[in-house]
Amino acid sequence: MNLTWEITAILHSDKRKLPFLPASNASNTMQYRLFLLFCILFLAQTGFSQNTIGGVVKLIPEVEVDRQSDFVLAEREFILERWGPATELYKKFTYENPDNDAGWYGLARCYAAVSDYINGLDAISKAVLKSPENDWYALFQIDLFEKTGRFKDAVKSMEAVVKKHPGTPDYWRKLAYLALLNEDPKLALRSLDKLEALTGITEETAEKKTVIYEGMGDVKKAGIELQRLADAYPNTLDYRRNLAAFYEEKGDLVNAQKTYQEILRRNPNDQQAKIALIGQEKRSSDAVFLNSLLPIVSNPQVPIDAKLKELVPYLTKLKDPNTAPGLVQPMTDLGKALTTTHTNDPKSFSFLGAVYYLSNQTNAALEAYRICIRLNPNVFGAWENTLSILEELNLYDEMLQVGEQAIDAFPNQPRAYLYYGLAAIAKGKYDDAATQLEQAKLMSGNSPVGIDIQDQLALIALLKKDFNAATAQYDQILKAGGDKNASVLEHYGDLLAAKGKNADAVPFWQKSYDLGKNPALLQKIKGQ
């Protein structure tokens, strides 16, 4: 008998489907492991000395008995969670039996148990090579591909699995997930379509497809998925409410209104829909006015300054969550019309960038400001907006380059030096950052930007673990007005914590949170 295959079969069995395992033990992991250990020892006792084929007793060669004994010992150590001994036994087993796929699989599991995914992947790849038809091996290899960041390989292997088992929903779900990790949203959508063909339209598939379409910038198809879900479950009004909220968020007041009206048709007493429609009526006048401006904004004969005089005041309303939902779409349409009509005027791209940024379309805003700078590099506001977004997106390499360009273009502008310093600190270039920040400090004194610059210089000392220098600098900054600066308060709290004074740090973190509402500070506060 092939004992390694018997053991592998037991290990992959679902304990809920084992009729001879008492039900009381079904959820007890340790008892289940002991049960598996019993099965292994039982197989060892019954299978080592002889085998029966066609009623004829056949003696098993001693070398085979030893081989299977080595496998049993390795598996026993694994089940008892003694990873070190299990690993050494499996390494010995695979060295002596290099063609035994179950041995390589066991070794891969040992490595994975201690998070050594690289060696685990090497071992499981050998198991897959020797037994390519084994789905358990393939799935384990896919998991290790994922853990080691080899998403392309994970997708390729998962595609092979779903090809063999097209009727298994979990496999399509896994393929969709891996496709997203591999930055292939189209494959993810196709996988979710296959999943939906098996399960029908579900909240899971609709929401995932909606998120993917939004990420791809296809708002229309995102809305269609939510509409399909609402139509598939007409009595679940929450789905229709989500659809209406989606339209509102995207500034599509017409479809939002239709959706709320449909909710009221199905449930005339739905208070959420009634309140939403009242709010829409209050906002619709601004949206109607802005939509009426589109032909004028699209007319190249009307000066851009006259257009901006009407449009700029509405940027303030984009900051207000009570008025923004109904204005995002018309303001975006007007901004695009400006850039189309006044292609070479940086003010059009500056306006569009502001609209994008205030409506949380940060990447689009960044691109608009980049164009603005190319058209007119002499307006520092466009540089500052670009640098601010680059910092927000953690694009520090580009931030360094743009910051250096901003310093060259505006050598007397301390904020250019500040942004360069922020990027250099993020990249670990502390001396480079300090050189530029010291120049900016001479220009700014104790002004608000000067406090920010001094804060970064003190932070460099903290990051270099020069606590005495950092303490001296922060003492001066706090006296000069830094006690009202959220960043200064947070960093001073960090300094105290680094010096082992955690209890003293908490009040400074709390003050910083009260000023800036940075959620990361809550973790620092709770961690003490």
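For the structure, check the block above.
Residues numbered from 1 in each chain as written. Predicted model: local features only at pLDDT ≥ 70, side-chain atom pairs only at ≥ 80, totals over all residues. Heavy atoms only, no water.

> Tell me about the overall build of the chain, and name the residues and values.
From N to C terminus, the chain includes 30 helices and two strands. Sorting the 528 residues of the chain into buried and exposed places 43% on the buried side. Long-range contacts, defined as pairs at least 24 residues apart, comprise 48% of the intrachain contacts of the chain with a sequence gap of at least 6. Summed over its atoms, the accessible surface of the chain is roughly 27400 Å², and 53% of this surface lies on carbon and sulfur atoms. (Helix = DSSP H or I, 4+ residues; strand = E, 2+ residues; numbered from the N terminus. Buried < 20%, exposed > 50% of the residue type's maximum accessible area, 1.4 Å probe, protein only. Contact = heavy atoms within 4.5 Å. Areas by Shrake-Rupley, 256 points an atom, 1.4 Å probe, with all protein chains shown as cover.)

> Lay out the side chain of H342 with the relevant residues and their values.
By the secondary structure assignment, H342 is in the loop between α19 (328-341) and α20 (346-358). Discounting residues that sit within four places of it in the chain, H342 has contacts with P300, V302, I304, K307 and S348.

> Outline the nonpolar core, listing residues and values.
The biggest cluster of nonpolar side chains holds 55 residues, and the ones touching the most others in it are L290, L311, M331, F351 and L437. Excluding its chain neighbours within four sequence positions, the residues that come into contact with M331 are L290, L311, Y314, L315, L318, F351 and V355. Grouped together as the second largest cluster of nonpolar side chains are 49 residues, F78, W104, V161 and A256 included. (Core = buried A, V, L, I, M, F, W, Y, C linked by side-chain atoms within 4.5 Å.)

> I'd love a proper account of the packing of helix α24 (residues 414-426) against helix α25 (residues 430-444), names of residues and values included.
Two numbers describe how α24 lies on α25: the axes approach to 8 Å, and their chain directions differ by 160 degrees. Classed by the angle they form, the pair α24 and α25 counts as roughly antiparallel. The two elements α24 and α25 cross, and the hand of that crossing is left-handed. The segment α24 lies against α25, with P414, Y417, L418, Y420, G421, A424 and I425 engaging Y430, D432, A433, Q436, L437, Q439, A440, M443 and S444. Considering only residue class, the contact of α24 with α25 consists of 11 nonpolar, four polar and one charged. (Axes fitted to C-alpha atoms, helices over the stretch in contact; angles between N-to-C directions. Parallel < 35°, antiparallel > 145°, perpendicular 65-115°, else oblique. Left-handed = near helix turned anticlockwise from the far one by under 90°. Nonpolar A, V, L, I, M, F, W, Y, C, P; charged D, E, K, R; others polar.)

> Residue-level account of the packing of aromatic side chains, with values.
The tally for this structure, following the rule as stated, stands at 11 aromatic pairs. Put simply, the rings of F71, Y90 and F93 touch in pairs and so form one group of aromatic residues. One cation-aromatic arrangement involves R109 over F78; the distance from NZ or CZ to the ring centre is 3.9 Å. Above the face of the F508 ring, K511 is positioned so that its terminal group lies 5.5 Å from the ring centre. (Phe/Tyr/Trp six-rings, centres within 6.5 Å; stacked < 30°, edge-to-face > 60°. Lys NZ or Arg CZ within 6 Å of the ring centre and 35° of its normal.)

> Can you explain the pattern of salt bridges? Please cite residues and give values.
Summed over the entire model, instances satisfying the criterion amount to 37 salt bridges. Put simply, K164 and D135 hold a salt bridge, and the shortest N to O gap is 2.7 Å. Here D135 lies in helix α7 (residues 135-147) and K164 lies in helix α8 (residues 151-164), a separation of 29 residues in the sequence. Classification of K164 by relative accessible area gives partly exposed; the value is 44%. A relative accessible area of 19% places D135 in the buried class. Note that D431 and K464 form a salt bridge whose closest N and O atoms lie 2.6 Å from each other. You can see D431 sitting in helix α25 and its partner K464 sitting in the loop between α26 (448-463) and α27 (467-479), a full 33 residues away along the chain. Since its relative accessible area comes to 54%, D431 is described here as exposed. Classification of K464 by relative accessible area gives partly exposed; the value is 46%. (Salt bridge = Lys/Arg side-chain N within 4 Å of Asp/Glu carboxyl O.)

> Could you give me a rundown of the layout of surface pockets, with the residues and numbers involved?
Each pocket or cavity is described by its volume, and for the largest pocket that value is around 770 Å³. Residue lining of the largest pocket: 28 residues in total, with V219, E249, K250, V328 and Q361 positioned closest to the centre. Elements with a contribution of two residues or more to the lining of the largest pocket: α12 (219-232), α13 (237-249), α18 (313-319), α19 and α20. Its residues placed into classes, the lining of the largest pocket shows 10 nonpolar, nine polar and nine charged. (1 Å grid on protein atoms, 1.4 Å probe; cavity = no way out; pocket = protein on both sides within 12 Å on 5 of 7 lines; lining within 4 Å. Points joined across faces, edges and corners; volume = space filled by probe spheres on them.)

> Requested: an account of the environment of S512, with residues and values cited.
Along the chain, the position of S512 falls in helix α29 (residues 502-516). Along the primary structure S512 and A486 are separated by 26 residues, whereas in three dimensions their C-alpha atoms are 4.3 Å apart. If sequence neighbours within four positions are ignored, S512 has contacts with A486, L489, E490, K517 and L521.

> Can you break down unusual backbone geometry residue by residue, with the values?
Excluding glycine, residues mostly carry a negative phi; peptide bonds, for their part, are mostly trans. A positive phi angle, close to 55 degrees, is found at E183, a residue other than glycine. Positionally, E183 belongs in the loop between α9 (169-181) and α10 (185-199). Even without being glycine, K465 reaches a positive phi, approximately 65 degrees. Turning to its location among the elements, K465 is positioned in the loop between α26 and α27. Here K465 falls in the exposed class, since its relative accessible area comes to 63%.

> Which residues make up helix α11 (residues 203-215), and what values go with them?
In this model α11 runs 18 Å from its N-terminal to its C-terminal C-alpha over 13 residues, within 8% of the 18 Å that 1.5 Å per residue would give. Where the residues of α11 are buried, they touch α9, α10, α12 and α13. A positive backbone phi angle near 80 degrees is found at G217, which sits one or two residues after α11. (Expected span 1.5 Å × (residues − 1).)

> Hey, could you go over the environment of F78 for me, with residue numbers and the actual values?
For F78, the position within the fold is in helix α3 (residues 62-79). Look at F78 and you get buried, because its relative accessible area is 11%. Considering only alpha carbons, one finds F78 and L107, 29 residues apart in sequence, at a separation of 9.4 Å.

> Break down the environment of E183 for me, citing the residues and quoting the values.
When its relative accessible area of 72% is taken as the criterion, E183 is described as exposed. Sequence separation between E183 and F151 is 32 residues, and the spatial gap between their C-alpha atoms is 9.0 Å.

> How would you sum up helix α28 (residues 486-498)? Please name residues and give values.
Along an α-helix, a turn takes 3.6 residues, which lines up residues three or four apart on a common side. Taking 1.5 Å per residue as the helical rise, α28 with its 13 residues ought to reach 18 Å, and the 18 Å between its terminal C-alpha atoms agrees with that figure. Along α28, the residues classified as buried are V488, L489, E490, H491, Y492, G493, L495 and L496. Where α28 is buried, its residues touch α26, α27, α29 and α30 (519-526). A side-chain oxygen of the first residue of α28 lies 3.0 Å from the backbone nitrogen of S487; this N-cap is N485. Residue G500 follows α28 closely and has a positive phi angle near 85 degrees. (Polar contact = N/O pair within 3.5 Å; in protein donor to acceptor, adjacent residues only side chain to side chain.)

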